[in-house]
Amino acid sequence: MNDWIAIGALALVGVLIPLSMMAVSALLRPSVPETSKRATYESGEVPTGGTRVRFNIQYYMVALLFLVFDIETVLLFPWAVVYLDAIESDAVSLLDILGPMVLFVAILLAGLAWAWRNGAVQWAQTPRQVDTERNRP
């Protein structure tokens, strides 16, 4: 029971110290409200235009696809290392070894085909492709 008291005291200290530091800094810091403090600072340049910038969604799509296939390689390498040992041991059948990985890769290939078909991996279109899409019925 004494261990829990020590853990509780440590947790209490861990919460009280940051809260007390924030309270003391809020009381001691100078507060001089000015409109220039709220302006966006860009290397001394006067900001123009709005603050909302539209990003191309393809950046996020490429990042997501990269993560999916990066995780795939992280899962495939250890499996490939263990594969040879599993084949040599004769403890399990070839289908038990290959089946889950083939299913995993098939699901990823189906996802890649779907992304490719929907244009998620196509970064930019040539003027010819744009014209072709405009002329579709």
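Residues numbered from 1 in each chain as written. Predicted model: local features only at pLDDT ≥ 70, side-chain atom pairs only at ≥ 80, totals over all residues. Heavy atoms only, no water.

An unreviewed UniProt entry annotates the protein chain as NADH-ubiquinone/plastoquinone oxidoreductase chain 3 originating from Natrialba taiwanensis DSM 12281. Reading the Subcellular location (unreviewed entry) entry of the UniProt record for the protein chain gives the comment "Membrane". Comment text from UniProt for the protein chain, heading Sequence similarities (unreviewed entry), reads "Belongs to the complex I subunit 3 family." (UniProt positions renumbered as here; feature names shortened; annotations may be inferred.)

A count of helices and strands for the protein chain gives four helices and zero strands. Secondary structure elements in the protein chain, listed N-terminal to C-terminal, are α-α-α-α. Taking as baseline every contact in the protein chain between residues at least 6 positions apart, the subset at least 24 positions apart corresponds to 56%. (Helix = DSSP H or I, 4+ residues; strand = E, 2+ residues; numbered from the N terminus. Contact = heavy atoms within 4.5 Å.)

Under the UniProt annotation, "transmembrane region" (unreviewed entry) lies at residues 6–28, 59–77 and 97–116. Along residues 59–77 one finds 100% helix and 0% strand; the C-alpha atoms at either end are 27 Å apart. When the span residues 97–116 is considered, its composition is 100% helix and 0% strand, and the gap between its end C-alpha atoms is 29 Å.

Taking 1.5 Å of rise per residue, 24 residues should cover 34 Å, and helix H3 (residues 94–117) covers 33 Å from first to last C-alpha, within 8% of that figure. Residues of H3 that are buried: Ile97, Met101, Leu108 and Ala115. Along its buried surface, H3 packs onto helix H2 (57–89). With its phi angle positive at about 85 degrees, Gly119 sits one or two positions after the end of H3. (Expected span 1.5 Å × (residues − 1). Buried < 20%, exposed > 50% of the residue type's maximum accessible area, 1.4 Å probe, protein only.)

Take the confidence of the model for the protein chain next. Scored by pLDDT, the protein chain comes out at a mean of 81, with 81% of its residues at no less than 70. Element-level mean pLDDT values for the protein chain span from 65 in helix H4 (residues 127–134) up to 93 in helix H1 (residues 2–28). (pLDDT = per-residue confidence, 0-100.)

For Gln122, the location among the structural elements is in the loop between H3 and H4. With 64 residues separating them along the chain, Gln122 and Gln58 place their C-alpha atoms 8.6 Å apart.

Residues Val53, Phe55, Ile57, Tyr59 and Tyr60 make up a contiguous nonpolar surface patch of about 610 Å² in total accessible area. By the secondary structure assignment, Ile57 is in helix H2. (Patch = residues over 30% accessible without salt bridge, like charges linked within 9 Å, V, L, I, M, F, W, Y side chains within 5 Å. Areas by Shrake-Rupley, 256 points an atom, 1.4 Å probe, with all protein chains shown as cover. Salt bridge = Lys/Arg side-chain N within 4 Å of Asp/Glu carboxyl O.)

Bringing the packing of H2 against H3 into the picture now. Put simply, H2 and H3 touch, their axes get as near as 11 Å, and they point 165 degrees apart. Our classification of the angle between H2 and H3 gives roughly antiparallel. Every pair of crossing elements has a handedness; the one defined by H2 and H3 is left-handed. Residue-level contacts link Leu65, Val68, Phe69, Glu72, Leu75, Leu76, Trp79, Tyr83, Ala86 and Ile87 of H2 to Leu94, Ile97, Leu98, Met101, Phe104, Val105, Leu108, Leu112 and Ala115 of H3. Partitioned by chemical class, the residues of the contact of H2 with H3 number 18 nonpolar, no polar and one charged. (Axes fitted to C-alpha atoms, helices over the stretch in contact; angles between N-to-C directions. Parallel < 35°, antiparallel > 145°, perpendicular 65-115°, else oblique. Left-handed = near helix turned anticlockwise from the far one by under 90°. Nonpolar A, V, L, I, M, F, W, Y, C, P; charged D, E, K, R; others polar.)

In this section: the environment of Glu72. Topologically, Glu72 is positioned in helix H2. Separated by 33 residues in the primary sequence, Glu72 and Val105 have C-alpha atoms spaced 8.2 Å apart. Leave out the neighbours within four places in its chain, and Glu72 touches Phe104, Val105 and Leu108.

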